[in-house]
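Coordinate analysis (summary)
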Amino acid sequence: MNFSIIRYILFRVLEFAALFLTLPCLVALIYREKAGYAFVIVMIGCLLIAEIGKQWKPKSNVFYAREGFVTVSLTWIILSIVGALPFYISREIPAFIDALFETVSGLTTTGGSILGDVETLSKCVQFWRLFTHWIGGMGVLVLIIAVLPLSGGYNMHLMRAESPGPTVGKLVPRVQSTAKILYGIYIGITLLQIIILMVAGMNLYDATVLSFSTMGTGGFGVLNTSIGSYSVAVQIIFIIFMILGGMNFNVYYLLLVARKPKEAWKHEEARVYLLLFLGASLLIAWNIRGYYDNFALALKDAAFQVTSIGSSTGFSTTDFDLWPEFSKAILLVVMAIGACAGSTGGGFKVSRVMILVQDMKKELLRVVHPQIVKKPHLEGRPVDDETANSIHSYLIIYLVIFLVSFLLLSVDQYDFTTNVSAVLANLNNTGPGLHAVGPTCNYGGYTVLSKLVLMFDMLTGRLELLPMLILFSPRTWQKY
């Protein structure tokens, strides 16, 4: 293990953390809020520690996948602790474990909250809370790769460890250029949503922070009613941009950079993703039509919740926990599948499900035709055995983490449905679950142990399971 290079990158991460903290400081100045001092204190602390740490240069540039996984995991843990300090120091979230839960939920774009009344928060604290979604949406180290000319050939290890999906490839030959393209698209779509929301009548502050939350597919809001208090037109805008946030960014690259619209339209995962949302929305709308004055309103709320849950954003316009069991079951299935690989969304990922379904078909055919040789395909190319095996391993690990987390949460006082949906919602970075953690409730009632378990689930789900688990392997920490 090359500890020196990991230490070097982590100190650079603290520099970026200080840079991120300047924005809520500016918001505090604009609104003349005393809570801004908490961000100043943490920002100065990050800069001092980073400056001291930079004195130790890396002894070697040797950097393999092991270092990549460890660096990414430690980065997210450190940023979570740093991000929780302003909440705690300002006393707007007086318990540190709650402040940490809120920050981990923000950075992992989960959106599950311990707060019962978000409208009492100061503007700067609210800004930071929603900005964490945007920071974590595309990935912290992807941003560092885009900005810093890191040497030693370890950029791809970092990107693979942090980016969601069964495989991670380069859009262009250089990894740094790929990172720049991804962030350019990310910033562009965010700015577009801000402008459209302002045209629809929303003020600059709300449009900005809610766009952070949408494009990061996070789900924190500025109102206790989430998006339910806004107009139908605004809700439709959120539906569109939640879909965009959960889409594979390769589609945007093909459309906006490569100028290949035909190839973008042929993107299999994106088409399945859209068809899944359309089908689920129609089924739920039919099931809940008796709850509304007309089918159009039922379809609007159904489409909003399917898009929100499926993209792992977690906004709500209604209390879907009151819907029929069939509708809630569909939402849980959509939650488990999640968004596309290469997006800011969470979940198991559409591409993994597509490959697993093809594998199932292959095994059924093999029973009838033992000699048949058939490989699953994705985007017109055969899936290699290594990728297929990694998806099978991912499914097993996913189920083990789910079961262990559920058992640990069962020690708490909540019912079966609450605990199952809580683990599913946090492991898939969705946020709201059912019953006691439904869209009108929060996670504040869970014990410290349960909150720690759910925080682990959030981080594990966001980092695609392996990076967090590798931290607990003794072999990971052996020196070369």
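Everything below is about the structure shown above.
So, here's what we can say about the structure. Values in this document were obtained by computation on a predicted structure and should not be read as measured data. (Residues numbered from 1 in each chain as written. Predicted model: local features only at pLDDT ≥ 70, side-chain atom pairs only at ≥ 80, totals over all residues. Heavy atoms only, no water.)

The next point concerns the overall build of the protein. In terms of regular secondary structure, the protein is built from 20 helices and two strands. In terms of overall size, the protein behaves like a compact globule, its C-alpha atoms giving a radius of gyration of 22 Å where 480 residues would be expected to give roughly 23 Å. Taken over the C-alpha atoms alone, the protein extends approximately 65 × 55 × 50 Å along its principal axes. For the protein, buried positions account for 58% of its 480 residues. Expressed as a percentage of contacts within the protein between residues at least 6 apart in sequence, the contacts between residues at least 24 apart total 70%. (Helix = DSSP H or I, 4+ residues; strand = E, 2+ residues; numbered from the N terminus. Rg over C-alpha atoms; globule rule 2.2 N^0.38 Å. Buried < 20%, exposed > 50% of the residue type's maximum accessible area, 1.4 Å probe, protein only. Contact = heavy atoms within 4.5 Å.)

Per the stated rule, a full pass over the model turns up nine salt bridges. The shortest N-O distance in the salt bridge between Lys300 and Asp301 comes to 2.8 Å. A cluster of three or more residues bridged by salt bridges with shared partners is formed by Asp321, Glu325 and Lys328. (Salt bridge = Lys/Arg side-chain N within 4 Å of Asp/Glu carboxyl O.)

Our focus in this paragraph is the environment of Ala298. Examined against the element boundaries, Ala298 turns out to sit in helix α14 (residues 295-310). Residue classification places Ala298 among the buried residues on the basis of a relative accessible area of 0%. When neighbours within four sequence positions are excluded, Ala298 is seen to be in contact with Ala285, Ile288, Arg289 and Tyr292.

In this section: the side chain of Asp98. Tracing the backbone through its elements, the reader meets Asp98 in helix α4 (residues 96-107). Those residues in contact with Asp98 that lie beyond four places of it in its chain are Ile93, Ile114 and Lys451.

Attention now goes to the packing of helix α16 (residues 350-368) against helix α17 (residues 385-409). At a minimum axis distance of 10 Å, the contact between α16 and α17 shows a crossing angle of 105°. The orientation of α16 relative to α17 falls into the category roughly perpendicular. Where α16 abuts α17, its residues Arg352, Ile355, Leu356 and Asp359 lie against Ala388, Ile391, His392, Tyr394 and Leu395. Per-class residue counts for the contact of α16 with α17 are six nonpolar, one polar and two charged. (Axes fitted to C-alpha atoms, helices over the stretch in contact; angles between N-to-C directions. Parallel < 35°, antiparallel > 145°, perpendicular 65-115°, else oblique. Nonpolar A, V, L, I, M, F, W, Y, C, P; charged D, E, K, R; others polar.)

Taken as a whole and judged by the stated rule, the model has zero disulfides. Between Cys46, a free cysteine, and Cys25, which holds the nearest cysteine sulfur, the sulfur-to-sulfur gap is 11 Å. (Disulfide = S-S within 2.5 Å.)

Let us now look at helix α13 (residues 268-288). The end-to-end C-alpha separation of α13 is 30 Å, in line with the 30 Å expected for 21 residues at 1.5 Å each. Inspection of α13 places Glu269, Ala270, Tyr273, Phe277, Ala280, Ser281, Ile284, Ala285, Asn287 and Ile288 among the buried residues, and these make up the whole buried set. Here the buried residues of α13 occupy an arc of 160° about the axis, which is enough to place them on one side. Looking at the buried positions of α13, the neighbouring elements they touch are α10 (232-245), α11 (249-257), α14, α15 (325-337) and α16. (Expected span 1.5 Å × (residues − 1). Arc of directions from axis to C-beta.)

This next bit is on the nonpolar core. In terms of nonpolar packing, the biggest core is built from 142 residues, with Leu210, Phe238 and Tyr443 touching the most fellow members. Among the elements that make up this core, the one with the highest residue count is helix α1 (residues 3-31) (16 residues). Contacts of Leu210, omitting those with residues within four sequence positions, involve Leu130, Gln193, Met202, Phe220, Gly221, Val222, Ile227, Tyr230, Phe238 and Phe315. (Core = buried A, V, L, I, M, F, W, Y, C linked by side-chain atoms within 4.5 Å.)

A cluster of nonpolar side chains, contributed by Leu275, Leu278, Leu282, Trp286 and Phe295, occupies part of the molecular surface with about 530 Å² of accessible area. In terms of residue count, the dominant contributor to the nonpolar patch is α13 (four residues). Secondary-structure assignment places Leu282 in helix α13. Classification of Leu282 by relative accessible area gives partly exposed; the value is 42%. (Patch = residues over 30% accessible without salt bridge, like charges linked within 9 Å, V, L, I, M, F, W, Y side chains within 5 Å. Areas by Shrake-Rupley, 256 points an atom, 1.4 Å probe, with all protein chains shown as cover.)

One pass over the full model with this rule turns up 27 aromatic pairs. Look at Tyr31 and Tyr205: their rings are 5.8 Å apart centre to centre, the planes differ by 80°, and that puts the pair in the edge-to-face class. Separated by 174 residues along the polypeptide, Tyr31 in helix α1 and Tyr205 in helix α9 (residues 204-215) bring together distant segments of the chain. Using a relative accessible area of 38% as the deciding quantity, one classes Tyr31 as partly exposed. Look at Tyr205 and you get buried, because its relative accessible area is 11%. On the numbers, 5.1 Å between centres and 80° between planes, the contact of Phe249 with Tyr252 is edge-to-face. (Phe/Tyr/Trp six-rings, centres within 6.5 Å; stacked < 30°, edge-to-face > 60°.)

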